[in-house]
Each structure stands twice: as structure tokens, then as C-alpha cells.
Amino acid sequence: MTILSLLFFINPLVGITSWIWVALRNIDKTSWTAIRGLALFLSLYLGMINSTKELHGDFLAYNEYYRDALQMPFLEYLLLYAKEPVYYACSWLICNLTQANWPVFVTFFTTASYMAIFESAILVAQKTQCSKYHVITVLLFTSLFFQGFAMNGNMLRQSISQSFALLFLTYLYFNQHHKWIIAILSIGIHTASIPIIGLGIIPIVKKKFTLKTFALLILTVIVLSVLLLSMSGILANILFIGYIFSRLENTSQLTGTDSWQTEIGINAQFYILSALLMAMIGYIYYFMHRYSKAGNTIPIGITGIVNIMLIILLFVFACNFSEAYFLCMRYQFYVYTFQPILILLFLRYFHFRYIHIVEACLCALMLPYFCYYFSYGVFKYASLAEILITTPILFFIEI
């Protein structure tokens, strides 16, 4: 693995490709540490690529906020924005340690975001005795899913926050551990994760849904929402989290759109993706029912994480049809973050003789898909030729 690591630092693409080749050829001997090493290098490479994104829209604003840290003391900087203290504390620290090196900052946050997703997938795989073939497929699919990659550039804070929310729920459901520090990090980076984490810790979410339990969950959510709305005036005065509650008093902000949105509502691609994910959810529910009926024990955690995914999808569609486009857009991105776990569980329990061939074809198709949107999408990055030949150190040199 040392030679593969050196290859990565000479040329990331060669290093990653070699790592995958070695892992697949010796899959029975490939350790989870080696899988995590692959996940780390994929995350680092995606972070480096993301650092070449042109400064536009929210990305430009993040850059300006980041450079402000060089001119201010720590406390003054935190109080200037008075929200999401974990994100702004990290911004101030990295800015002052690197003299406001922007590529280092972007690479750090993008790497952390992807690593939280990948670590969640690996934890689920270990708990469900999932094949490492499936894990590598999920790592590659997630890396090459361009919409998720673009999200890491345009919504820097939310993307890492929702990744930590996923990691928190993974520990909660599969390890039965309350890793509250991860939840605090998630909320401290972006408060949009509060509803997801809040929903995830409701005990009923971890149980199999029936009409009765689902109705009870909806009633619980409505009661809590009304309670929060009624207290929003008081909560709006709390430092660092008050701003999110001040938004609740102005519902037009929640039902409008962001300034950078080029599309309103759900597009055709998301409808197709949602149909596929709903089919996977249906199959997993069917498998769990059949498996438990046969007297077998279902691994702890599967029900909870599948239920969360179902709720997010239903909420996004409810927001879309009620024209609450701001909320629709915000929580649509949670689907992109949570879908790797659903895909992994589907691959784990879907029995098909040629499944590995299908996985290989899927990953092969995702590569041109990523390259097309990377080159011709809304956001502009360095050219593919530069990305392919650049060594890691050159990504961090600002010219």
C-alpha cells in the first residue's frame, strides 16, 4: 500500500486506479483499512478537483468570508457572522494557518464531507457483512455522481453538515452509540441538519413503519413544528442558532428560492433517481419482511436508515408540489448524501448472479457522465487535461 500511496502523490488518478485494481484482484485479503485508504484518496482527489472551481455565486461569497478571517481576531470574526460557529471557527483557523490559501480550505472541507459519507458506508457494510465489492462500487458511484460533487462546491457548509448528520445516524442506528459530538459538529456547521438529526433520534423512526406508526410520526412532527414556530420569536435571540429561527418568522424565505438557483422545483433527472431509490426502498422492505417471517434476525439499523431516506424523499416531493421551492432544494441535497447507504443495502440484499458485472458497467458508465457535466455543466472547473496530469502539490499553489 506504500507504493500505491506514493503513486497517488505523483499522479492521483494513477494511484487511485492502481489501488482499486489491487483491491479487486485480492478482495479476500483486502482489509477494511485498505478500503478506508481508498476512500481517503478518493475524497482528497475530489477535494483537489473542487478547489479548481471558478469563484461564482455562493462559492465567491464563501471565499470572501474566508479571507475576512485574515483581518480579524478570532472572537470578532465569530461574532461578525453570529451563526454556525464550527464552520467559521475552522475557516478562521485554516485561513490564518495557510495565509488564506483557498485551495487548501476547499480541499479540507470537501475531503471531510466525502470521508464522512464513505465512513458511514463502511460502517454499514461491516455491520451487515456486506461484500467489499459492493463497498468499492458505492465509493466509485458516489465519487462519480456529479450532482453530489457540484453540491460540495456551491453549498460548502450544508454538504459537510449533512455528511456528518448521516455519520451520526449511522453510529446511532448500527452501533447503538450516541456520538453527540458528530451531531454538534453537523449543526455547528449548518443548521439545516437540525430537522434531520431531530427526526432521526425519535425512537419510532427506528421501527418498522405501519399505517399507525407512520401516522403517529407525522403527528409528532406536526406538534414539534408548531411548537418551534410558536417559540421562534424567543429562540431567534439565541446566539449562533437564532438566525435560523428568525427565518421561521418570515415564511417567504422558506418558500422562495435561492438567488443562484437555475431551476425551480424537481427536474426530470431527480424524478428518475427518486423512482429508482423508491424501488430500492420497496425491495429492502420486502426483503426485511420475508427475512423476519422466516425467523431470521435483521441487522440492527437497517430499518431506521431506510425510514429516514423514505421520509426525506416524501418531504422533498411534498415541498415541490406545495411550491416550497427553497425547502425542496435544500433537502433534495440530503437525498444525494444519504443515497449511498441505500444503494449499499440494496446491493447487499439483492441476489443476482451477475451483480458484479452490473456494478462494473454502472461504474464504467458513471465516468463519462461525470466528465460530461464537469466539462459542460453550469459551473466551471479546470480542464479535464489539467485534472488528469496535475500532481497534488500543484493544486495548492495559488498563482
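You'll find the structure just up there.
Residues numbered from 1 in each chain as written. Predicted model: local features only at pLDDT ≥ 70, side-chain atom pairs only at ≥ 80, totals over all residues. Heavy atoms only, no water.

A.B. asks: Hey, could you go over the overall build of the protein for me, with residue numbers and the actual values?
C.D. replies: Scanning the protein from N- to C-terminus turns up 21 helices and 0 strands. For 399 residues, the compact-globule estimate of 2.2 N^0.38 gives 21 Å, and the protein sits close to it at 21 Å. Residues counted as buried form 52% of the 399 residues belonging to the protein. Considering only contacts within the protein whose residues lie at least 6 apart along the sequence, 76% involve residues at least 24 apart. Surface accessibility of the protein: about 18,700 Å² in total, with carbon and sulfur atoms responsible for 69%. The centroid of the 21 positive side-chain charges in the protein is displaced by 19 Å from the centroid of its 15 negative side-chain charges. (Helix = DSSP H or I, 4+ residues; strand = E, 2+ residues; numbered from the N terminus. Rg over C-alpha atoms; globule rule 2.2 N^0.38 Å. Buried < 20%, exposed > 50% of the residue type's maximum accessible area, 1.4 Å probe, protein only. Contact = heavy atoms within 4.5 Å. Areas by Shrake-Rupley, 256 points an atom, 1.4 Å probe, with all protein chains shown as cover. Lys, Arg positive; Asp, Glu negative; His and termini not counted. Charge placed at Lys NZ, Arg CZ, Asp CG, Glu CD.)

A.B. asks: How would you sum up helix H17 (residues 302-321)? Please name residues and give values.
C.D. replies: Across its 20 residues, H17 extends 29 Å between first and last C-alpha, which sits within 8% of the 28 Å expected from 1.5 Å per residue. With 16 of 20 residues buried, H17 lies mostly within the body of the structure. Where H17 ends, the next residue or the one after it, Glu-323, has phi of about 65°, a positive value. (Expected span 1.5 Å × (residues − 1).)

A.B. asks: An account of the environment of Phe-41 is requested, with residue identities and associated values reported.
C.D. replies: For Phe-41, the position within the fold is in helix H3 (residues 32-50). On the accessibility criterion, Phe-41 (9% relative accessible area) is buried. If we ignore the near neighbours within four places in the chain, the residues touching Phe-41 are Ser-5, Phe-8, Phe-9, Ile-16 and Trp-19.

A.B. asks: Which residues make up the pattern of salt bridges, and what values do they have?
C.D. replies: Applying the stated rule across the entire model yields 2 salt bridges. For Arg-36, the salt bridge goes to Glu-119, with nearest N and O atoms at 2.8 Å. Of the two residues, Arg-36 is situated in helix H3 and Glu-119 in helix H7 (residues 102-127); the sequence distance between them amounts to 83 residues. The residue Glu-84 makes a salt bridge to Arg-157 at a minimum N-O spacing of 2.1 Å. Here Arg-157 lies in helix H10 (residues 156-175) and Glu-84 lies in the loop between helix H5 (74-81) and helix H6 (85-98), a separation of 73 residues in the sequence. Residues Glu-84 and Arg-157 agree in their burial class; the two are buried. (Salt bridge = Lys/Arg side-chain N within 4 Å of Asp/Glu carboxyl O.)

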